[in-house]
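Survey of secondary and tertiary structure
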Amino acid sequence: MNKENEIKSFNNKEDAENLLSESRNRIDEIDNEIFNLICQRTSLAKDIALAKDYLGMPIYDKKREDAIYAKIEKLSEENDIDADIIDQIVNMLTILSKNEQNEILRRNVDG
């Protein structure tokens, strides 16, 4: 059995409380890392928007989004994670990116 998937049993209340505390602390750290990665991903919107504008491409790129969703579906299956929920998360990220790209182009036009 994979050690990560192993069911833990506790000898006492203190062990359970320690594991709960450590796990929650690690989740907080991961949440901070996720937020930082979202910020990094969103900051790339400026480069993407300017390149698309120069190339005469629209903000919405169906082919690119289809490729992203195919990739995350495969990763979800490989990691046994609910694909529908991951799809929703990626959808929010792409909306965030498109909104940022639109705002950058609007500011670029408005000066």
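Below you will find a few notes about this structure. (Residues numbered from 1 in each chain as written. Predicted model: local features only at pLDDT ≥ 70, side-chain atom pairs only at ≥ 80, totals over all residues. Heavy atoms only, no water.)

1. Considering the overall build of the protein
Test applied: Each helix is a run of DSSP H or I of at least 4 residues and each strand a run of E of at least 2, with the numbering of both proceeding from the N terminus. Throughout, the radius of gyration refers to the C-alpha atoms, and the reference size of a globule is 2.2 Å times the residue count to the power 0.38. Each residue gets one of three labels from its accessible area relative to the maximum for its type: buried under 20%, exposed over 50%, partly exposed in between, using a 1.4 Å probe on protein chains only. Every residue pair with non-hydrogen atoms within 4.5 Å of one another is taken to be in contact. Note on areas: Shrake-Rupley, 1.4 Å probe, and residue coverage restricted to the protein chains presented here. Under this rule, positive means Lys or Arg and negative means Asp or Glu; His and the chain ends count for nothing. The atoms used to mark charge sites are NZ of Lys, CZ of Arg, CG of Asp and CD of Glu.
Assigned secondary structure in the protein consists of 4 helices and 0 strands. Going from N to C terminus, the protein has its helices and strands arranged as α-α-α-α. Relative to the compact-globule value of 13 Å for 111 residues, the protein shows a C-alpha radius of gyration of 20 Å, a clear excess of over 25%. By principal-axis analysis of the C-alpha atoms, the protein measures approximately 65 × 30 × 15 Å. The buried share of the protein, taken over its 111 residues, is 16%. Looking at the protein alone, contacts between residues at least 24 apart form 63% of all its contacts between residues at least 6 apart. Counting every atom, the protein has about 9300 Å² of accessible surface; 53% of that belongs to carbon and sulfur. Side-chain charges in the protein split into 16 positive and 25 negative, and the spacing between the mean points of these groups amounts to 5 Å.

2. Examining the pattern of salt bridges
Side-chain pairs of opposite charge can arise whenever the charged atoms involved come near each other. For the record, the criterion: A pair is scored as a salt bridge if a Lys or Arg side-chain nitrogen falls within 4 Å of a carboxyl oxygen belonging to Asp or Glu.
Counted under the stated rule, the structure contains 8 salt bridges. Across the salt bridge formed by Arg 26 and Glu 29, the nearest N and O atoms sit 3.1 Å from each other. Here Glu 29 and Arg 26 lie together in helix H1 (residues 13-43), a separation of 3 residues that amounts to about one turn. We classify Glu 29 as partly exposed; its relative accessible area is 43%.

3. Focus: the packing of helix H3 (residues 62-78) against helix H4 (residues 83-110)
Applied cut-off: Every angle, taken between N-to-C directions, lies between 0 and 180 degrees, and every axis is a line fitted to C-alpha atoms, over only the stretch in contact when it is a helix. Any angle from 65 to 115 degrees is called roughly perpendicular, while one under 35 is roughly parallel, one over 145 is roughly antiparallel, and all others are oblique. The crossing is said to be left-handed when, going from far helix to near helix, the turn is anticlockwise and less than a right angle, and right-handed when the turn is clockwise. Ten residues, namely Ala, Val, Leu, Ile, Met, Phe, Trp, Tyr, Cys and Pro, are considered nonpolar, four, namely Asp, Glu, Lys and Arg, are considered charged, and the remaining ones, Gly among them, are considered polar.
Packing of H3 against H4 leaves a shortest axis separation of 10 Å and a crossing angle of 150°. Between H3 and H4, the interaxial angle falls into the category roughly antiparallel. Helix-helix and strand crossings are classified by hand; for H3 and H4 the assignment is right-handed. Residues Glu 65, Ile 68, Tyr 69, Ile 72 and Ser 76 of H3 form the contact with H4, whose participating residues are Ala 83, Ile 86, Asp 87, Val 90, Asn 91, Thr 94 and Lys 98. Residues of the contact of H3 with H4, tallied by class, amount to 6 nonpolar, 3 polar and 3 charged.

4. A look at the layout of surface pockets
One water molecule sets the probe size; rolling that probe over the atoms shows where empty space is left. Applied cut-off: Any residue with an atom within 4 Å of a point lines the site, the site being either a cavity, points on a 1 Å grid over the protein atoms alone where a 1.4 Å probe fits but cannot get out, or a pocket, an open set with protein on both sides within 12 Å along at least 5 of 7 lines. Grid points are joined across faces, edges and corners, and a volume is the space filled by probe spheres set on the points.
Taken as a whole, the largest pocket encloses approximately 880 Å³ of empty space. Around the largest pocket sit 28 residues that line it, and Arg 41, Ile 68, Val 90, Leu 93 and Thr 94 are the ones nearest its centre. Among the secondary structure elements, those contributing two or more residues to the lining of the largest pocket are H1, helix H2 (45-55), H3 and H4.

5. Regarding a negative patch on the surface
What counts here: Residues qualify for a patch when their relative accessible area is over 30% and they have no salt bridge, like charges being joined within 9 Å and the nonpolar side chains of Val, Leu, Ile, Met, Phe, Trp and Tyr within 5 Å.
Residues Glu 73, Glu 77, Asp 82, Asp 84 and Asp 87 make up a contiguous surface patch of negative charge. Among the secondary structure elements, those contributing two or more residues to the negative patch are H3 and H4. Relative to the helices and strands, Asp 82 is located in the loop between H3 and H4. Looking at Asp 82, the relative accessible area reads 43%, which means it is partly exposed.

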